[in-house]
Amino acid sequence: KQEVTQIPAALSVPEGENLVLNCSFTDNAIYNLQWFRQDPGKGLTSLLLIQSSQREQTSGRLNASLDKSSGRSTLYIAASQPGDSATYLCAVLYQGAQKLVFGQGTRLTINP
Amino acid sequence: DAGVIQSPRHEVTEMGQEVTLRCKPISGHNSLFWYRQTMMRGLELLIYFNNNVPIDDSGMPEDRFSAKMPNASFSTLKIQPSEPRDSAVYFCASSLSGYGYTFGSGTRLTVV
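Structure report, in brief. (Residues numbered from 1 in each chain as written. Chains lettered and ligands numbered in written order. Predicted model: local features only at pLDDT ≥ 70, side-chain atom pairs only at ≥ 80, totals over all residues. Heavy atoms only, no water.)

## Observations concerning the state of the cysteines
Residues and elements named next belong to chain B.
- Counted under the stated rule, the structure contains two disulfides over all chains.
- Covalently, C23 is tied to C92 through a disulfide, its sulfur atoms 1.9 Å apart. The sign of the S-S torsion, about -70°, decides the handedness of the disulfide formed by C23 and C92: left-handed. Of this pair, C23 sits in strand β3 (residues 19-24) while C92 sits in strand β9 (residues 88-95); the two residues are 69 residues apart in sequence, bridging distant segments of the chain. Assigned by exposure class, C23 and C92 land together as buried. (Disulfide = S-S within 2.5 Å. Helix = DSSP H or I, 4+ residues; strand = E, 2+ residues; numbered from the N terminus. Buried < 20%, exposed > 50% of the residue type's maximum accessible area, 1.4 Å probe, protein only.)

This is the structure we're talking about:
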């Protein structure tokens, strides 16, 4: 069964720290992997998209990596800020599929 | 592009009434997805369309739910009759052949 897992479910860190969010998937035959951010009561905002052939993508203070052989992706957030507080969702599009498989998300709190 | 546009943003209705949610995907995208999000069940895929054709509606909870996509720029999700347990946030998302999903801001439905 193709599953996506995010651990931990919640994370709280002080402002200014660098942090890593984890995502693991059970089948390495993926087409792409996408990281989303969701603020309370809001929709999902796409942060980064990594194609199967890529190892990482960067946007500002965010860096996402992909290791298909180990079935893992990480989202690195540098110099965290209170505005980074949100739920972060990892989603995988497997090869031959047309629908994303979502992880349950990591709820991140950055304390001032 | 204005992104994926959903209407209404909020809907409060009485049990037994018909509810229609609307979605305008990003121009040029060929896939459209309807999701439901609740605290208890997280993000659930209800149905998706490819080139305006429904591909998989296995996530539609009951016959009370129906979805249409009459053309490439418009889709509706209808609930008739509505029940309190249908209260949730409903998201629409679109994609171009799986190359990244874009989500709308959602419709918060409350059935009283």
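Having seen the model, we can carry on.
## Examining unusual backbone geometry
- The omega angle of the peptide bond from I7(A) to P8(A) is 5°, so this bond is cis rather than trans.
- Here P8(A) lies in the loop between β1 (4-5) and β2 (10-14).
- Residues Q80(B) and P81(B) are joined by a peptide bond in cis, for which omega reads -5°.
- Tracing the backbone shows P81(B) in the loop between β8 (74-79) and β9.
- Even without being glycine, N51(B) reaches a positive phi, approximately 50°.
- A positive phi angle, close to 55°, is found at S97(B), a residue other than glycine.
- Here S97(B) lies in the loop between β9 and β10 (101-103).
- Using a relative accessible area of 45% as the deciding quantity, one classes S97(B) as partly exposed.

## As for the nonpolar core
- One finds F25(A), L33(A), W35(A) and L75(A) to be the most contacted residues of the largest nonpolar core, which totals 23 residues.
- Elements represented by at least two residues in this core include exactly β3 (19-25), β4 (30-38), β5 (44-51), β7 (62-67), β8 (72-77), β9 (86-94) and β11 (106-111) of chain A.
- At five residues, β9(A) tops the list of elements feeding residues into this core.
- Counting 21 residues, the second-largest nonpolar core is a separate cluster that includes V4(B), L21(B), W34(B) and A88(B). (Core = buried A, V, L, I, M, F, W, Y, C linked by side-chain atoms within 4.5 Å.)

## Notes on the interface of chain A and chain B
- Taken together, the 17 residues of chain A in the interface contact 19 residues of chain B.
- Here chain A and chain B share an interface that buries about 1400 Å² over both sides, 55% of which is from carbon and sulfur atoms.
- By the criterion of area lost to chain B, the three top residues of chain A are L44(A), Q98(A) and K99(A), representing 38% of everything that side buries.
- Remark: the boundary between chain A and chain B carries one salt bridge.
- K99(A) serves as the salt-bridge partner of D56(B), at 2.9 Å between the closest nitrogen and oxygen.
- Inspection of the region where chain A meets chain B yields seven residue pairs in polar contact (both at pLDDT 80 or more).
- The greatest single-element share of the side of chain A that touches chain B, amounting to five residues, is contributed by β4(A).
- When its residues are assigned to classes, the side of chain A that touches chain B shows seven nonpolar, eight polar and two charged. (Contact = heavy atoms within 4.5 Å. Buried area = accessible area lost by both parts, 1.4 Å probe. Salt bridge = Lys/Arg side-chain N within 4 Å of Asp/Glu carboxyl O. Polar contact = N/O pair within 3.5 Å; in protein donor to acceptor, adjacent residues only side chain to side chain. Nonpolar A, V, L, I, M, F, W, Y, C, P; charged D, E, K, R; others polar.)

These figures come from the coordinates and say nothing about function on their own.
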